[in-house]
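# Tertiary structure, described
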Amino acid sequence: MTAARITGPDRSADSLADEDETRVASARITATRLGTALVRDPLDRTVHEQMRHFLDHDSEPALQSWDVLVSRTPEQLKSRIAELLTARAERSVS
């Protein structure tokens, strides 16, 4: 069985997420899809190749972005939430 290429979502040009948020979200989606593919067909070479590629190229930047996100102070998080809510409200009005 040959697996389809498993990647995260494309980043939309109008995304509200910053670079670290986007990288972490994409990596979580990709890792979950790869994990699911491994459970479904643990000996699929294509899935193994995709997992190796993810671990070799994408996981470290995602882990670095995760460190950035979890190091945000409560004040920074509140500010970021307010920023996102304001941007979302402005989008819904326009």
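See the structure above.
Rules and cut-offs
Residues numbered from 1 in each chain as written. Predicted model: local features only at pLDDT ≥ 70, side-chain atom pairs only at ≥ 80, totals over all residues. Heavy atoms only, no water. Salt bridge = Lys/Arg side-chain N within 4 Å of Asp/Glu carboxyl O. Helix = DSSP H or I, 4+ residues; strand = E, 2+ residues; numbered from the N terminus. Buried < 20%, exposed > 50% of the residue type's maximum accessible area, 1.4 Å probe, protein only. Expected span 1.5 Å × (residues − 1). Contact = heavy atoms within 4.5 Å. Polar contact = N/O pair within 3.5 Å; in protein donor to acceptor, adjacent residues only side chain to side chain. Axes fitted to C-alpha atoms, helices over the stretch in contact; angles between N-to-C directions. Left-handed = near helix turned anticlockwise from the far one by under 90°. Nonpolar A, V, L, I, M, F, W, Y, C, P; charged D, E, K, R; others polar.

## Considerations on the pattern of salt bridges
- Overall, the coordinates contain six salt bridges when judged by the stated rule.
- Two residues, Glu 21 and Arg 80, come together in a salt bridge whose shortest N-O distance is 2.5 Å. Taken as a pair, Glu 21 in helix α1 (residues 19-40) and Arg 80 in helix α3 (residues 74-93) lie far apart in primary sequence, 59 residues in all. The pair formed by Glu 21 and Arg 80 is uniform in burial state, with each residue classed as buried.

## Some points on α1
- Over its 22 residues, α1 runs 31 Å from end to end, which matches the ideal 32 Å to within 8%, given 1.5 Å per residue.
- Along α1, the residues that are buried comprise Asp 20, Glu 21, Thr 22, Val 24, Ala 27, Thr 30, Leu 34 and Ala 37.
- Of the surrounding secondary structure, the elements contacted by the buried residues of α1 are α2 (45-70) and α3.
- You can read the cap of α1 off the contacts: a side-chain oxygen lies 3.1 Å from the backbone nitrogen of Asp 20, and it is on Asp 18.

## Some remarks on the environment of Ala 27
- Structurally, Ala 27 is set in helix α1.
- Residue classification places Ala 27 among the buried positions, given a relative accessible area of 12%.
- Along the backbone, Ala 27 and Ala 62 are 35 residues apart, and their C-alpha atoms lie at a distance of 6.2 Å.

## Regarding the packing of α1 against α2
- The interhelical angle for the contact between α1 and α2, taken along N-to-C directions, is 145 degrees, at an axis separation of 9 Å. Classified by chirality, the crossing of α2 by α1 is left-handed. From α1, Asp 20, Glu 21, Arg 23, Val 24, Ala 27, Thr 30, Ala 31, Leu 34, Ala 37 and Leu 38 reach across to α2, where they touch Val 47, His 48, Gln 50, Met 51, Phe 54, Pro 61, Ala 62, Ser 65, Trp 66, Val 68 and Leu 69.
- Here the residues of the contact of α1 with α2 are counted per class, giving 14 nonpolar, four polar and three charged.

## What to know about the side chain of Glu 21
- Accessibility expressed as a relative area gives 17% for Glu 21, which makes it buried.
- A polar side-chain atom of Glu 21 sits 3.0 Å from a polar atom in the side chain of Arg 72.
- Aside from chain neighbours lying at most four places away, what touches Glu 21 is Leu 16, Leu 69, Arg 72 and Arg 80.

The values are spatial; any link to function lies outside them.
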